[in-house]
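# Coordinate inspection notes
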Amino acid sequence: MRRLLLLTATLMVSACEPSQMFGPDSRKDEIDGGATVPANEAVTGAYPSGTWEDGLGNAWIMTVTGDQLAGEAGTESIRGLKMTGAINGNTLAYEIGIPGQPALAHGTARLIEADHAYFETLNTDGTLNAHGLLHFNHSAQVPTGQPMDLRPQIDCAGQGTKGD
């Protein structure tokens, strides 16, 4: 009888498809550095002043004035680094370095919504240094997807535990 119950439970679970929001490929674009918003699609929002977290454990304290920005590292491990850049619409071009010395890295970011932008930082030789999602004025540890109660409902029978 227990084998039949285990077999039935296994079949029911395997029949359910994972949610696109929370399944194994749900963050593939973010992880791969790809964008889900077409480059020519309008995004409401602007690059804000404040604390920007990169999801890699680094924070930047940024000041945006018009189409220019400047800021400094807010994380001890990269303390002393400065970021400067220019904004053109939804795109940001930036450099990272130590004041008075040549840039150590440069990159671009593109707004995908008011609170986030995809970024890609390159070393001076053009090799990839880092990429990911910038989080404006909130922790990178806060989920960016739908809250649990807003997930799409999957019609699968018998997901609850029953019996002994």
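Structure first, text after, so check above.
Report follows, based on the coordinates. (Residues numbered from 1 in each chain as written. Predicted model: local features only at pLDDT ≥ 70, side-chain atom pairs only at ≥ 80, totals over all residues. Heavy atoms only, no water.)

Assigned secondary structure in the chain consists of two helices and eight strands. The linear arrangement of helices and strands in the chain, starting from the amino end, is α-α-β-β-β-β-β-β-β-β. Evaluated residue by residue, the chain yields a buried proportion of 28% over its 164 residues. Across the chain, contacts joining residues at least 24 apart in sequence account for 33% of those joining residues at least 6 apart. For the chain, the exposed surface amounts to about 11,000 Å²; the carbon and sulfur share of it is 54%. (Helix = DSSP H or I, 4+ residues; strand = E, 2+ residues; numbered from the N terminus. Buried < 20%, exposed > 50% of the residue type's maximum accessible area, 1.4 Å probe, protein only. Contact = heavy atoms within 4.5 Å. Areas by Shrake-Rupley, 256 points an atom, 1.4 Å probe, with all protein chains shown as cover.)

What follows deals with the pattern of salt bridges. In a structure, side chains of opposite charge can pair up when their charged atoms sit close to one another. In total, this model carries two salt bridges according to the counting rule given. In this structure, the salt-bridge partner of Glu 72 is Lys 82, at a minimum N-O distance of 2.7 Å. Here Lys 82 lies in strand β4 (residues 82–88) and Glu 72 lies in strand β3 (residues 68–73), a separation of ten residues in the sequence. Assessed through its relative accessible area of 39%, Glu 72 is described here as partly exposed. (Salt bridge = Lys/Arg side-chain N within 4 Å of Asp/Glu carboxyl O.)

Moving on, we get to unusual backbone geometry. In this structure, Asn 137 takes a positive phi of about 60° despite not being glycine. When its relative accessible area of 45% is taken as the criterion, Asn 137 is described as partly exposed.

Moving on to the packing of aromatic side chains. Aromatic rings in a pair are described by how distant their centres are and how their planes are angled relative to each other. Counted under the stated rule, the structure contains three aromatic pairs. Ring centres of Tyr 47 and Phe 136 lie 5.8 Å apart, and the angle between their planes is 70°; on these two criteria the pair is classed as edge-to-face. Here Tyr 47 is found in the loop between α2 (28–32) and β1 (50–53), whereas its partner Phe 136 is found in strand β8 (residues 128–136), with 89 residues between them in sequence. Like Tyr 47, the residue Phe 136 is buried in the burial classification. A network of ring pairs unites the aromatic residues Tyr 47, Trp 52 and Phe 136 as a single cluster. (Phe/Tyr/Trp six-rings, centres within 6.5 Å; stacked < 30°, edge-to-face > 60°.)

Bringing the sheet that holds β4 into the picture now. Here we have eight strands rolled up into a closed barrel, ordered β1-β2-β3-β4-β5-β6-β7-β8, and antiparallel in their pairing. If you compare each strand with its neighbour and ignore which way they point, the axes differ by 30° on average. Pairing analysis gives six bridges linking strand β5 (residues 91–97) to strand β6 (residues 105–113), with the strands arranged antiparallel. The partner of Ile 96 across the bridge, within β6, is Ala 105. (Pairing = 2+ DSSP bridges. Axes fitted to C-alpha atoms, helices over the stretch in contact; angles between N-to-C directions.)

Moving on, we come to the environment of Tyr 118. With respect to the element layout, Tyr 118 can be found in strand β7 (residues 116–123). A relative accessible area of 11% places Tyr 118 in the buried class. Measuring from C-alpha to C-alpha, the distance between Tyr 118 and Gly 132 comes to 5.7 Å, with 14 residues separating the pair along the chain.

This next bit is on the pairing of β4. The alternating pattern of β4 places Met 83, Gly 85 and Ile 87 on a buried face and Lys 82, Thr 84, Ala 86 and Asn 88 on a face that is not buried. For β3 and β4, the ladder comprises five bridges, and the chain directions are antiparallel. Across the sheet, Gln 68 pairs through a bridge with Ala 86, a residue of β4. Relative to β5, β4 runs antiparallel, the two sharing seven bridges. Paired with Ala 86 across the strands is Ala 93, a residue of β5.

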